[in-house]
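One-letter residues, chain by chain:
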Amino acid sequence: MGHSQADKAHSRERILRQAADAVRDTGLESVSVGKLMRSVNLTHGGFYNHFASRSDLLAQALERALVEGARSATAGTKPGDAPRSYETRVKGYVSRAHRDARTSGCAIAALASDVARADTASREVMSAHLDDFVAQLANSMDRQDEGDAMLAVSAMVGAVLLARVQTDPKKSDTLLKSVRDRLLALNHNDPA
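Reading guide: rules and limits
- Residues numbered from 1 in each chain as written.
- Predicted model: local features only at pLDDT ≥ 70, side-chain atom pairs only at ≥ 80, totals over all residues.
- Heavy atoms only, no water.
- Buried < 20%, exposed > 50% of the residue type's maximum accessible area, 1.4 Å probe, protein only.
- Helix = DSSP H or I, 4+ residues; strand = E, 2+ residues; numbered from the N terminus.
- Contact = heavy atoms within 4.5 Å.
- Axes fitted to C-alpha atoms, helices over the stretch in contact; angles between N-to-C directions.
- Parallel < 35°, antiparallel > 145°, perpendicular 65-115°, else oblique.
- Patch = residues over 30% accessible without salt bridge, like charges linked within 9 Å, V, L, I, M, F, W, Y side chains within 5 Å.
- Areas by Shrake-Rupley, 256 points an atom, 1.4 Å probe, with all protein chains shown as cover.
- Salt bridge = Lys/Arg side-chain N within 4 Å of Asp/Glu carboxyl O.
- Core = buried A, V, L, I, M, F, W, Y, C linked by side-chain atoms within 4.5 Å.

**Here we look at helix 6 (residues 107-116)**
Now for step 1: Among the residues making up helix 6, those that are buried are Ala107, Ile108, Ala109, Leu111 and Val115.
Now for step 2: The inward-facing, buried residues of helix 6 abut helix 1 (5-26), helix 3 (54-73), helix 4 (86-93), helix 7 (120-140) and helix 8 (146-165).

Okay, here's the thing in structure tokens:
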């Protein structure tokens with residue numbers, strides 16, 4: 001007996017939700033189609049009714065994770081609010097709270113090293129989000145300089161990633177504070 005389109009859409013959403021959670025939690029390469037399908041009580045063979053390939057699933061799960069990470073970064077913002085300032089963005093991103101939010105924070109910081117080794121489809125997904133991140137940050141800066149925004153995004157992502165690696169909490173906090181302070185100063189320096 002066939003499934004309705006609504007049932008198929010619901011199953012696809014369950015698979016995608018579980019895959020996005022797995023990607024954020026343990027990385028792209030940790031996603032096994034068989035294990036994923038068992039976790040949502042579906043058969044391995046049924047996977048191809050929903051996705052063209054594992055690569056297709058990973059790209060879509062990554063897209064979901066990136067959108068959710070960006071959404072959580074702006075969770076307190078209401079429609080009609082003024083755009084977030086550069087200072088607010090930097091302070092929120094390069095923070096203990098973000099460092100400690102491994103599975104709910106920015107998926108760029110969580111997954112950039114995985115995606116750098118991934119196929120073109122996943123790299124294209126993250127590349128588009130990186131471009132958007134840089135553009136948003138540039139628009140929030142005093143000089144709206146894309147080069148400064150690229151530097152800031154690189155430092156922000158790198159600081160969170162390295163702070164997560166650091167085993168000494170004091171060193172991790174110092175790293176975050178040092179990068180945050182320098183990034184805040186970057187927005188007020190005279191052009192070189």
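**Considerations on the packing of helix 1 against helix 3**
Now for step 1: Where helix 1 meets helix 3, the closest approach of the two axes is 8 Å, and the angle between their N-to-C directions is 70°. The pairing of helix 1 with helix 3 is recorded here as roughly perpendicular in orientation. Together, Arg12, Glu13, Ile15, Leu16, Arg17, Ala19, Ala20, Val23 and Arg24 of helix 1 and Leu57, Leu58, Gln60, Ala61, Arg64, Ala65, Glu68 and Gly69 of helix 3 make up the contact between the two elements.

**A word on a nonpolar patch on the surface**
Now for step 1: Together, Leu161, Leu162 and Val165 give the surface a local cluster of nonpolar side chains, amounting to about 270 Å² of exposed area.
Now for step 2: Structurally, valine 165 is set in helix 8.

**Some points on the pattern of salt bridges**
Now for step 1: Overall, the coordinates contain 10 salt bridges when judged by the stated rule.
Now for step 2: Residues aspartate 100 and arginine 99 are paired through a salt bridge, measuring 2.8 Å at the closest nitrogen-oxygen approach.
Now for step 3: For arginine 99, a relative accessible area of 11% puts it in the buried group.
Now for step 4: Where arginine 99 meets aspartate 173, a salt bridge forms, and the shortest distance between an N and an O atom there is 2.6 Å. Here the residue arginine 99 occupies a position in helix 5 (residues 96-100), and aspartate 173 occupies one in helix 9 (residues 169-186), the gap between them amounting to 74 residues.
Now for step 5: Shared partners join several salt bridges into a network, and the residues in it are Arg96, Arg99, Asp100 and Asp173.

**Examining the nonpolar core**
Now for step 1: Within the largest apolar cluster, 50 residues are counted, with the highest numbers of intra-cluster contacts made by Leu57, Tyr86, Tyr93, Val94, Met156 and Leu183.
Now for step 2: Elements represented by at least two residues in this core include exactly helix 1, helix 2 (33-39), helix 3, helix 4, helix 6, helix 7, helix 8 and helix 9.
Now for step 3: The greatest single-element share of this core, amounting to 8 residues, is contributed by helix 8.
Now for step 4: Setting aside residues no more than four positions away along its own chain, leucine 183 makes contact with Tyr86, Val90, Val94, Ala152, Ala155 and Met156.

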